Amino acid sequence: MAFDFGLRRIGVAVGNRLLKQARPLTVIDAATNDAKFSAIAALIGEWEPEAVVVGLPLHPDGAEHDMTARCRRFANQVHGRFGLPTTLVDERYTSAVLPAARGERVDSEAAALILQQYFDAHDPS
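Heads up: these notes are all about the structure in this document. Here, residues in each chain are numbered from 1, in the same order as that chain's written sequence. The model is predicted, so local features are restricted to residues of pLDDT at least 70 and side-chain atom pairs to those at 80 or more, both for listing and for counting; the totals for chains, interfaces and linings are taken over all residues. Side-chain measures were taken over the full set of non-hydrogen atoms in the model, leaving aside hydrogen atoms and water.

As for the packing of helix H1 (residues 33–47) against helix H2 (residues 66–82)
Think of two packed helices as two axes; the pair is described by the angle between the axes and how far apart they sit.
Then, in step 1: Axis separation between H1 and H2 bottoms out at 12 Å; the angle between their running directions is 55°. One way to sum up the angle between H1 and H2 is to call them oblique. H2 is crossed by H1, and the crossing has right-handed handedness. In this structure, H1 contributes Phe37, Ile40, Ala41 and Ile44 to the contact, and H2 contributes Phe74, Gln77, Val78, Arg81 and Phe82.
Then, in step 2: Residue composition of the contact of H1 with H2, grouped by class: seven nonpolar, one polar and one charged. Helix axes are fitted to C-alpha atoms over the stretch in contact, other axes to C-alpha atoms as well, and angles between N-to-C directions run from 0 to 180 degrees. Each helix is a run of DSSP H or I of at least 4 residues and each strand a run of E of at least 2, with the numbering of both proceeding from the N terminus. Comment on the angle field: the value is read as roughly parallel under 35 degrees, roughly antiparallel over 145, roughly perpendicular from 65 to 115, and oblique elsewhere. Handedness of a helix crossing follows the sense of rotation of the near helix relative to the far helix, less than a right angle counterclockwise being left-handed and clockwise being right-handed. Should any heavy atoms of two residues lie within 4.5 Å, those residues are counted as being in contact. Residue polarity follows a fixed list, in which Ala, Val, Leu, Ile, Met, Phe, Trp, Tyr, Cys and Pro are nonpolar, Asp, Glu, Lys and Arg are charged, and the others, Gly among them, are polar.

Right, dumping it as structure tokens:
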């Protein structure tokens, strides 16, 4: 399971490690952290993932910024609350490569791209 963390919305994707394929699942759009983690708990309970991947935003030159620290904290919270192995994946340009009309939500598609990048980077072949 992968998350594209944002302050307002969290994109969610699921994938199959054997097939190395990711697909968008849903967008969590909740006002409070409690509501966000309640929605995450429900998804983890339903999908029973073996691990979690969280997108890590960085500047184009690789430098960290405000959202980088927030995503690290989110990943730590997911790991702490659910006890799942959690991996951070560089998400630079994921939203930029997704075709979307202005205002269209691409959060779950970005999460799928992050998860696909993880699969591609961990391909033993």
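Having put the structure on the table, let's press on.
Overview of the side chain of Asp107
Then, in step 1: Assignment of secondary structure puts Asp107 in helix H3 (residues 107–121).
Then, in step 2: Here a polar contact means two N or O atoms within 3.5 Å. Within protein one must be a hydrogen donor candidate and the other an acceptor candidate, and residues neighboring in sequence count only if both atoms are side-chain atoms. For Asp107, the side chain forms a polar contact with the side chain of Arg9, separated by 2.8 Å.
Then, in step 3: In contact with Asp107, not counting residues within four places along its chain, are Asp4, Arg9, Gly11 and Val27.

A few points about H3
Then, in step 1: Take the number of residues in a helix, subtract one, and multiply by 1.5 Å to get its expected span. The terminal C-alpha atoms of H3 lie 21 Å apart, and with 15 residues this matches the ideal 21 Å at 1.5 Å per residue to within 8%.
Then, in step 2: Burial classification: accessible surface area is computed with a 1.4 Å probe over protein chains only, and a residue below 20% of its type maximum counts as buried, one above 50% as exposed, and the rest as partly exposed. The set of residues buried in H3 consists of Asp107, Ser108, Ala110, Ala111, Ala112, Ile114, Leu115, Gln116 and Phe119.
Then, in step 3: Check the buried side of H3 and you find it contacts strand S1 (2–5), strand S2 (10–16), strand S3 (21–28), strand S4 (52–56) and strand S5 (86–90).

Description of the pattern of salt bridges
Then, in step 1: Should a side-chain nitrogen of Lys or Arg be within 4 Å of a carboxyl oxygen of Asp or Glu, the pair is scored as a salt bridge. Following the criterion strictly, the structure yields three salt bridges and no others.
Then, in step 2: With a closest N to O distance of 2.3 Å, Glu50 and Arg17 form a salt bridge. Remark: Arg17 occurs in the loop between S2 and S3 and Glu50 occurs in the loop between H1 and S4; sequence separation between them is 33 residues. Neither residue differs from the other here; Glu50 and Arg17 are each classed as exposed.
Then, in step 3: Two residues, Glu64 and Arg72, come together in a salt bridge whose shortest N-O distance is 2.5 Å.
Then, in step 4: Note on Glu64: relative accessible area 46%, which makes it partly exposed.

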